[in-house]
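A look at the structure
These are the residues of each chain, in order.
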Amino acid sequence: QVQLVESGGGLVQPGGSLRLSCAASGFIFSRYVMSWYRQAPGKERELVAAIASAGGSTDYADSVEGRFTISRDNVENTVYLQMGSLEPEDTAVYYCKATYTYNMKYFYWGQGTQVTVSS
């Protein structure tokens, strides 16, 4: 049974930091590109960051470049999103996604974790 379980969300003040985790099970983690998306109320889901299956290549949305860092541990089957210099505009539900490297039509989503940036 495939599972992606996000954790680490919460309420943080502007300028603060959070680290999100996504624990994967039920599939061969090292064969999947891992990514983080977010969806704010009334907005479409957007890509935040992605990391290649071996972890050597990353990509970021312009809005988070330099503030967020994506990483993965292919032994622990976990992907992380370290978020810093958080802004109210970062408030959203953050989702983890696993996409099969060799065929993008195979993918899985996590259930999401809420991040709220507010004073």
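Structure: see above.
No experiment lies behind these values; they were computed from the predicted model shown.

We now examine the state of the cysteines. Two cysteines joined by a covalent bond between their sulfur atoms form a disulfide. Following the criterion strictly, the structure yields one disulfide and no others. Disulfide pairing places Cys-22 opposite Cys-96 at an S-S distance of 2.2 Å. With the S-S bond torsion at -80°, the cross-link from Cys-22 to Cys-96 turns out left-handed. You can see Cys-22 sitting in strand β3 (residues 18–25) and its partner Cys-96 sitting in strand β9 (residues 92–100), a full 74 residues away along the chain. For the pair Cys-22 and Cys-96, a shared accessibility class is recorded, and that class is buried.

Under the criterion given, the structure shown has four salt bridges. Taking the shortest distance from any N to any O, the salt bridge between Arg-67 and Glu-87 comes out at 4.0 Å. Here Arg-67, found in the loop between β6 (58–60) and β7 (68–73), pairs with Glu-87, found in the loop between β8 (78–83) and β9; they are 20 residues apart in sequence, far enough to count as distant. The class of Arg-67 is buried, set by a relative accessible area of 15%. Residue Asp-90 pairs with Arg-67 through a salt bridge whose shortest N-O separation is 2.8 Å. Taken as a pair, Asp-90 in the loop between β8 and β9 and Arg-67 in the loop between β6 and β7 lie far apart in primary sequence, 23 residues in all.

About the thresholds
- Residues numbered from 1 in each chain as written.
- Predicted model: local features only at pLDDT ≥ 70, side-chain atom pairs only at ≥ 80, totals over all residues.
- Heavy atoms only, no water.
- Disulfide = S-S within 2.5 Å.
- Helix = DSSP H or I, 4+ residues; strand = E, 2+ residues; numbered from the N terminus.
- Buried < 20%, exposed > 50% of the residue type's maximum accessible area, 1.4 Å probe, protein only.
- Salt bridge = Lys/Arg side-chain N within 4 Å of Asp/Glu carboxyl O.

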